[in-house]
Amino acid sequence: MKLNLPSPLEQLNSPFMDNHKVELWVKRDDLIHPEISGNKWRKLKYNIQQAREQKEPTLLTFGGAYSNHIAATAAACSAAGIKSIGIIRGEKNKVLNATLSLAMEHGMKIHYVNREDYRQKEEAGFIEKLHKLYGQFYLVPEGGANYKGVLGCAEIVEENSNDFDIVTTACGTGTTLTGLLLSSHKNQKVMGFPALKGGEFIASNARQLLDASNKVETEKEKILGRLELQTDYHFGGYGKVKSELVDFVNRFYVEYNLALDLVYTGKMFFGLFDLIKQGYFKPGTKIMALHTGGLQGNQGMKDRLGIKLNF
Ligand SMILES: *Cc1c(COP(=O)(O)O)cnc(C)c1O
C-alpha cells in the first residue's frame with residue numbers, strides 16, 4: 001500500500017493571516033491515501049498491526065452508513081489482507097450509498113442493526129452474539145476509538161519539526177485529540193473543535209483514553225491541562241450543516257485551494273478563522289491545524305441534502 005508519509009505540512013498565506021499576525025500551517029493528513037483518509041488511517045495503523053500479530057483473519061468494527069471510519073477500515077483491511085465486517089447503524093436502504101458500496105467493493109461484509117441494538121454495541125452480550133454469527137474477530141470500536149488509535153495519532157506531530165504554539169483538530173470521539181495531547185510539549189495547547197453538540201464530553205473521553213496509558217496521575221493531569229475545547233462550532237450537531245458553513249467551505253476552497261469536509265474539518269476551520277478574526281491569538285502565534293481528511297463524506301451530504309460544493 002502506498003502511503004504519503006510523512007504527510008505534508010503547508011502554510012496558508014493570505015492577507016487575513018498577515019493582518020492578524022498569525023501563522024497557520026495545515027498538516028495534510030487528508031493526503032495520506034485516497035481512500036483511507038487522514039486520522040482514520042492513523043487510528044487503524046496499530047489496530048491492524050495487532051490483528052495481524054494475533055493472526056486474526058477478520059476485523060470487525062462499527063459505524064454509520066456514511067462513516068469515514070467504515071470506508072477507511074474496508075480499504076485498509078483489504079490492503080492488509082484481512083477480512084472486514086462493518087456493523088452499520090440503521091436499516092438497509094434500497095439504494096446503497098457511495099460509502100457502503102465502496103466498502104463492499106473492498107470486500108467488507110455489511111451487517112445492519114437498528115438504532116436501538118446499535119446502542120448496545122459495547123455490551124458483552126451483543127458482542128457475544130456477533131461472535132456466534134461471525135466466529136473469531138479482532139474488534140475495533142466505532143471511530144477507531146481505542147488506545148491503539150491514540151498511539152497512531154500521537155505520531156502526527158512528531159513527523160515534522162514541531163515548534164507550534166497551538167495544534168488543532170476536529171473531534172468526534174476525541175481519539176485523535178488525545179493522540180495529539182500525548183505527544184504535545186509543555187508549552188503547547190491542543191485545541192479541539194467538537195463536531196457534536198455538547199462537546200464537553202470530549203474531555204472525559206480523553207481522560208478515559210489516557211487511563212489506558214501507563215502514565216502516572218500527575219503526568220495525565222499535566223497532559224490534560226494542555227487541552228482546550230471550542231464547543232461552539234457544531235452548527236446544530238453531528239452531521240448538521242448551515243448555509244454559513246457551506247459558504248465558508250466554498251470560499252475556503254477558492255482562496256486556499258484546499259477542500260474541506262462538512263462534518264469535521266469545515267467546522268474546525270470555521271471556528272479557527274472565527275477565533276483568529278476575534279483576535280483570540282496573540283500576534284506571532286504559530287498554529288498547526290490538522291486536516292483529518294473525511295472528504296468522502298461530502299458525497300453523502302450532496303446526495304442527501306442537495307448541498308452544492310464547488311469542488
Ligand atoms: C472521524 C473524523 C474525525 C474525528 O476523529 P476522532 O478521533 O473520533 O475525534 C475528525 N475529522 C475527520 C475528517 C474524521 O473523519
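Quick note: structure is the one above.
Each value, and the rule that gives it
- Residues numbered from 1 in each chain as written.
- Predicted model: local features only at pLDDT ≥ 70, side-chain atom pairs only at ≥ 80, totals over all residues.
- Heavy atoms only, no water.
- Pairing = 2+ DSSP bridges.
- Helix = DSSP H or I, 4+ residues; strand = E, 2+ residues; numbered from the N terminus.
- Axes fitted to C-alpha atoms, helices over the stretch in contact; angles between N-to-C directions.
- Contact = heavy atoms within 4.5 Å.
- Buried < 20%, exposed > 50% of the residue type's maximum accessible area, 1.4 Å probe, protein only.
- Core = buried A, V, L, I, M, F, W, Y, C linked by side-chain atoms within 4.5 Å.
- Near = heavy atom within 4 Å.
- Polar contact = N/O pair within 3.5 Å; in protein donor to acceptor, adjacent residues only side chain to side chain.
- Areas by Shrake-Rupley, 256 points an atom, 1.4 Å probe, with all protein chains shown as cover.

### Examining the sheet that holds strand β3 (residues 58–63)
Part 1: Overall, parallel pairing links the four strands, which are arranged β5-β4-β3-β6 in an open sheet. The sheet is open, and its two borders are formed by β5 (109–113) and β6 (138–140), each paired with just one other strand. Within the sheet, the average angular offset between the axes of one strand and its neighbour, ignoring direction, is 20 degrees.
Part 2: The sheet contact formed by strand β4 (residues 83–89) and β5 spans five bridges and is parallel. Paired with Ile 85 across the strands is Lys 109, a residue of β5.
Part 3: This element, helix α6 (residues 124–134), spans β3, β4, β5 and β6 of the sheet and lies at about 140 degrees to β5.

### With respect to unusual backbone geometry
Part 1: In the segment running from Leu 5 into Pro 6, the intervening peptide bond is cis, with an omega of -10 degrees.
Part 2: Phi angles above zero are rare outside glycine, and Lys 55 is one such case at about 55 degrees.
Part 3: By relative accessible area, which is 70% here, Lys 55 ends up exposed.
Part 4: Positive phi values are uncommon outside glycine, yet Asn 257 reaches one of about 55 degrees.
Part 5: Among the secondary structure elements, Asn 257 is positioned in the loop between α12 (243–256) and α13 (265–277).
Part 6: A relative accessible area of 57% means that Asn 257 is categorised as exposed.

### Things to note about the nonpolar core
Part 1: Ranked by size, the top nonpolar core spans 36 residues in total, and within it Leu 24, Phe 252, Phe 269 and Phe 281 carry the most contacts.
Part 2: Looking at this core, the elements that each hand over two or more residues are β2 (23–28), β7 (166–171), β8 (189–194), α12, α13 and β10 (286–291).
Part 3: If we skip the residues at most four places from it in the chain, Phe 269 touches Leu 24, Val 26, Phe 248, Phe 252, Leu 260 and Ala 289.
Part 4: In terms of nonpolar packing, the next biggest core, distinct from the first, is built from 22 residues, Ala 154, Val 190, Ala 206 and Leu 224 among them.

### Some points on the site of the ligand
Part 1: Residues in contact with the ligand amount to 15 residues; listed here are only the nearest, Lys 40, Asn 68, Thr 173, Thr 176 and Thr 292.
Part 2: A distance of 2.6 Å is found between an oxygen atom of the ligand and a side-chain nitrogen or oxygen belonging to Thr 173.
Part 3: In the environment of the ligand, an oxygen atom lies 2.8 Å from a nitrogen or oxygen atom belonging to the backbone of Gly 174.
Part 4: Against a free-state accessible area of 390 Å², the protein chains account for coverage of 98% of the ligand.

These values are about where atoms sit, not about what they do.
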